[in-house]
Every structure is written in structure tokens, then in C-alpha cells.
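Descriptive analysis of the structure
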Amino acid sequence: MTANWTSLRRKKQSNQNILQSPRSTSISTTQQMSIFPAYCRIHSWGDSLEEAYEQCAMGMFGYMTDTETVQPIDTVEVESEGEDLESLLFHFLDDWLFKFSADMFFIPREVKVLHIDRMHYKIRSIGWGEEFSLDKHPQGTEVKAITYSAMQVHDKEKSEIFVIIDI
């Protein structure tokens, strides 16, 4: 599978991951407030909407760890539904994030969308991977949540997705 996704990557500086230098505002002579960006934008695409959704999920997991270190030992199925393509994407990513964060610490090496019902906005997907282990998988950045901010789903000749995740 070709990796058809990009994300804004964090830069390593003095053992801290940051997207850019913090903006600082002086509150008084003894206080200063620094604002750090806390998001990552994923841009995925594919020949079909299914492929763009798959690549978006893998972009999210690729930010969390090096998915090349994941062995396809276990299989997990995820079914999600929404009210339109954007809410379907939100729930699809959120349900996969739940499998990692709260359910079973499952990290996929590959996600395959089996079917998207465009009339009822339902999606069926499957992932092959294993339980995340710090002994085996490099720790990337924690994904806290999926957002609707600036979300775009383009289902045209070449499908494209833009989504921002909270880190």
C-alpha cells in the first residue's frame, strides 16, 4: 500500500517536540505566557474515497508510532456511522483512536475500508496489527482527539481529505 498522506510534523528541539517556536506575550515584568500549537493536519488522498479514508487513518497512526514496526498479528473490525461525509470521517477516526487509546491499545499496520454506504453514511473497516508496546514500537505523539476544525472531504475524481487532530 502506498502511503498517500502528509502531516505537519513536529521538529525536535532540546528534547521537546514542537511544531514551531512558541509565541510569547509579556503579561507583566514578572510573568510571560507562551502559546504552543497543539494540533496536526493530515492530508490524505486516493483513487477512491475508501482509499482516502484508509490513508487518513494510517496518517493518524503514523504520527503516533512508526507503523513499519507493527506486525499484522491481530485483526480488528470497526464500524462507524455519521450524518454526512465529514461526521462519518470524524467517527471513523474517533472509533479507531478508541481502539488504541481506551479499548485494547491496538495499533494497525494497515487499515482497509471494506464499504462506505454513501446514502446512510456508514463505514465498515478492518485493521491488521497488534497491541502497542513501548518495548517494540517507538513512541510518537499522543493523539488526544479528532476535530471538525477545517475538515474537508472531497469525493471527486481523486478523493482528498483534510483533517486536524488534537495532540
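What comes next concerns the included structure. (Residues numbered from 1 in each chain as written. Predicted model: local features only at pLDDT ≥ 70, side-chain atom pairs only at ≥ 80, totals over all residues. Heavy atoms only, no water.)

Our focus in this paragraph is the environment of Met151. With respect to the helices and strands, Met151 occurs in the loop between strand S10 (145-146) and strand S11 (152-154). Considered as a pair, Met151 and Glu86 are 65 residues apart in the sequence and their alpha carbons are 6.9 Å apart. Each residue touching Met151, except ones within four places of it in the same chain, is listed here: Glu86, Leu89, Phe90, Phe162 and Val163. (Helix = DSSP H or I, 4+ residues; strand = E, 2+ residues; numbered from the N terminus. Contact = heavy atoms within 4.5 Å.)

By the bridge criterion, ten bridges tie strand S8 (residues 106-117) to strand S9 (residues 122-131) in an arrangement that is antiparallel. Counterpart to Val113 in the pairing with S9 is Ser125. Hairpin geometry of S8 and S9 is characterised by an intervening segment of four residues between the two adjacent antiparallel strands and by a positive phi of about 55° at Tyr121. (Pairing = 2+ DSSP bridges.)

In contact at an axis separation of 11 Å, helix H1 (residues 49-64) and helix H2 (residues 85-103) are set at 40° when each is read in the N-to-C sense. Compared by their axis directions, H1 and H2 come out oblique. The element H1 and its partner H2 pack so that their crossing is right-handed. Here H1 contributes Leu49, Tyr53, Cys56, Ala57, Met60, Phe61 and Met64 to the contact with H2, which in turn contributes Leu85, Leu88, Leu89, Phe92, Leu93, Trp96, Leu97 and Phe100. A class-by-class count of the residues in the contact of H1 with H2 yields 15 nonpolar, no polar and no charged. (Axes fitted to C-alpha atoms, helices over the stretch in contact; angles between N-to-C directions. Parallel < 35°, antiparallel > 145°, perpendicular 65-115°, else oblique. Left-handed = near helix turned anticlockwise from the far one by under 90°. Nonpolar A, V, L, I, M, F, W, Y, C, P; charged D, E, K, R; others polar.)

Within the largest apolar cluster, 39 residues are counted, with the highest numbers of intra-cluster contacts made by Tyr53, Met60, Leu89, Phe92, Leu93 and Trp96. Only strand S6 (39-46), H1, strand S7 (74-81), H2, S8 and strand S12 (159-166) provide two or more residues apiece to this core. Apart from residues no more than four positions distant in its own chain, Leu93 is found in contact with Cys56, Ala57, Met60, Ile146 and Val163. (Core = buried A, V, L, I, M, F, W, Y, C linked by side-chain atoms within 4.5 Å. Buried < 20%, exposed > 50% of the residue type's maximum accessible area, 1.4 Å probe, protein only.)

So, about unusual backbone geometry. Backbone geometry at Tyr121 places phi at a positive 55°, although glycine is not the residue there. Considering the arrangement of structural elements, one finds Tyr121 in the loop between S8 and S9. Of note, the phi angle at Ala150 is positive, near 60°, even though the residue is not glycine. By the secondary structure assignment, Ala150 is in the loop between S10 and S11.

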